[in-house]
Amino acid sequence: MPTPNKILKAKDFFNKYAEQHKSISEERLMQFELNHFISLLSKENASVLDAGCAAGRDVKYLADYGLNMTGIDISEELIKRASQRNIKNAKFSIADISSIKLNKESFDGVWAMDIFSYTEKENIQPILKNLNTTLKKGGILFLSVREGSGIDLVKYPNMDDSEVKINFFNQVELEEALQTAGFCVLKGYSKEGKNHDWINIFAQK
């Protein structure tokens, strides 16, 4: 039985353990996926939104390739660390992907790493529609989620055994949600991870 004071909401969790999260995530760069995402974009200086950018690891990688980056995250502490990277062609802001209204046709690409793990499932379809709206015609979306089913509490031993409620998905339900939101799925696959497997999907508006 989990201890109640060990169960944290995602925002509180990432604010409390921002430095630990930054340190751990630096070791898990998804270089293959990042490079494939770059190859799918229509131009070299494309504008890209990193939805759920955390401490800016992927923003830095993409910006180093000349992309114009915007990073948003719900955690003030993670955005603080992202801003401290002083990335020339990137800007960061605090925002909740579940409620922010994104500008229409503003981005050539959206990178969304693990945002749905912490989102209420009833909000996922509206979020996907929002991401579709903010993409220009032909824009590319990368989406990565944890593979499985249902919702579970996940314990983080390196962060005082704190537990966070996590959503798990199967590839079929995710691809159907994307298609309902107006995306064409280009490529989807399962990839083994350290603690669980991931579903990675590239889609196009």
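For the structure itself, consult the block above.
Summary of the structure given here. (Residues numbered from 1 in each chain as written. Predicted model: local features only at pLDDT ≥ 70, side-chain atom pairs only at ≥ 80, totals over all residues. Heavy atoms only, no water.)

A closer look at the packing of aromatic side chains
At step 1: For the structure shown, the criterion picks out 9 aromatic pairs.
At step 2: Relative to Phe-202, the ring of Phe-142 has its centre 4.9 Å away and its plane inclined at 50°; by these criteria the two rings are tilted. Of the two residues, Phe-142 is situated in strand S6 (residues 135-146) and Phe-202 in strand S10 (residues 198-204); the sequence distance between them amounts to 60 residues.
At step 3: Judged by its relative accessible area of 0%, Phe-142 falls in the buried class.
At step 4: Here Phe-202 falls in the buried class, since its relative accessible area comes to 0%.
At step 5: A cation over a ring is seen here: Lys-121 above Phe-169, with NZ or CZ 4.4 Å from the ring centre. (Phe/Tyr/Trp six-rings, centres within 6.5 Å; stacked < 30°, edge-to-face > 60°. Helix = DSSP H or I, 4+ residues; strand = E, 2+ residues; numbered from the N terminus. Buried < 20%, exposed > 50% of the residue type's maximum accessible area, 1.4 Å probe, protein only. Lys NZ or Arg CZ within 6 Å of the ring centre and 35° of its normal.)

Side note on the pairing of strand S8 (residues 162-167)
At step 1: Taken across its 6 residues, S8 has 5 buried, putting it largely inside the fold.
At step 2: One ladder, built from 2 bridges, connects strand S1 (residues 7-8) with S8; its direction is parallel. What sits directly across from Leu-8, in S8, is Val-164.
At step 3: Pairing geometry for strand S7 (residues 151-156) and S8, over 6 bridges, is antiparallel. Of the residues in S8, the one forming a bridge with Ile-151 is Asn-167.
At step 4: Linking S7 back to S8 in an antiparallel pair, the connection comprises 5 residues, with Asp-160 at a positive phi of about 60°. (Pairing = 2+ DSSP bridges.)

Side note on the sheet that holds S8
At step 1: Ordered by their spatial adjacency, 3 strands build an open sheet running S1-S8-S7, and the pairing between neighbours is mixed. Two strands lie at the open edges of the sheet, namely S1 and S7, each paired on one side alone.

Quick look at the pattern of salt bridges
At step 1: The final tally for this structure, using the stated rule, is 11 salt bridges.
At step 2: Within this structure, Glu-19, Glu-77, Lys-80 and Arg-81 form a network of salt bridges that share partners. (Salt bridge = Lys/Arg side-chain N within 4 Å of Asp/Glu carboxyl O.)

Brief notes about the nonpolar core
At step 1: Of all hydrophobic cores here, the largest spans 28 residues; its most connected members are Phe-116, Leu-128 and Leu-141.
At step 2: For this core, the elements supplying multiple residues, two or more each, are strand S2 (47-51), strand S5 (107-113), helix H6 (124-134), S6, helix H7 (171-180) and S10.
At step 3: Those residues in contact with Leu-128 that sit more than four places away from it in its chain are Phe-116, Leu-141, Leu-143, Ala-177, Leu-178, Ala-181 and Phe-183. (Core = buried A, V, L, I, M, F, W, Y, C linked by side-chain atoms within 4.5 Å. Contact = heavy atoms within 4.5 Å.)

Quick notes on the packing of helix H2 (residues 18-25) against helix H5 (residues 76-83)
At step 1: Following both chains from N to C, one finds H2 and H5 inclined at 55°, their axes separated by 9 Å at the closest point. When the interaxial angle is binned, H2 and H5 end up oblique. Considering only the axes of H2 and H5, their crossing is right-handed. In this structure, H2 contributes Ala-18, Glu-19, His-21 and Lys-22 to the contact, and H5 contributes Glu-77, Leu-78 and Arg-81.
At step 2: Along the lines of polarity and charge, the residues of the contact of H2 with H5 split into 2 nonpolar, 1 polar and 4 charged. (Axes fitted to C-alpha atoms, helices over the stretch in contact; angles between N-to-C directions. Parallel < 35°, antiparallel > 145°, perpendicular 65-115°, else oblique. Left-handed = near helix turned anticlockwise from the far one by under 90°. Nonpolar A, V, L, I, M, F, W, Y, C, P; charged D, E, K, R; others polar.)

A few points about unusual backbone geometry
At step 1: Located in the positive-phi region is Glu-105, a residue other than glycine, with phi close to 50°.
At step 2: By the secondary structure assignment, Glu-105 is in the loop between strand S4 (90-94) and S5.
At step 3: Phi at Asp-114 takes a positive value of approximately 75°, unusual for a residue other than glycine.
At step 4: Among the structural elements, Asp-114 can be located in the loop between S5 and H6.

Thoughts on the sheet that holds S4
At step 1: Spatially, the 7 strands line up as an open sheet ordered S4-S3-S2-S5-S6-S10-S9, and their pairing is mixed. The open sheet terminates on both sides in strands that have one partner only, identified here as S4 and strand S9 (184-191). Going from strand to strand, the sheet's axes swing by 15° on average, the running direction of each strand aside.

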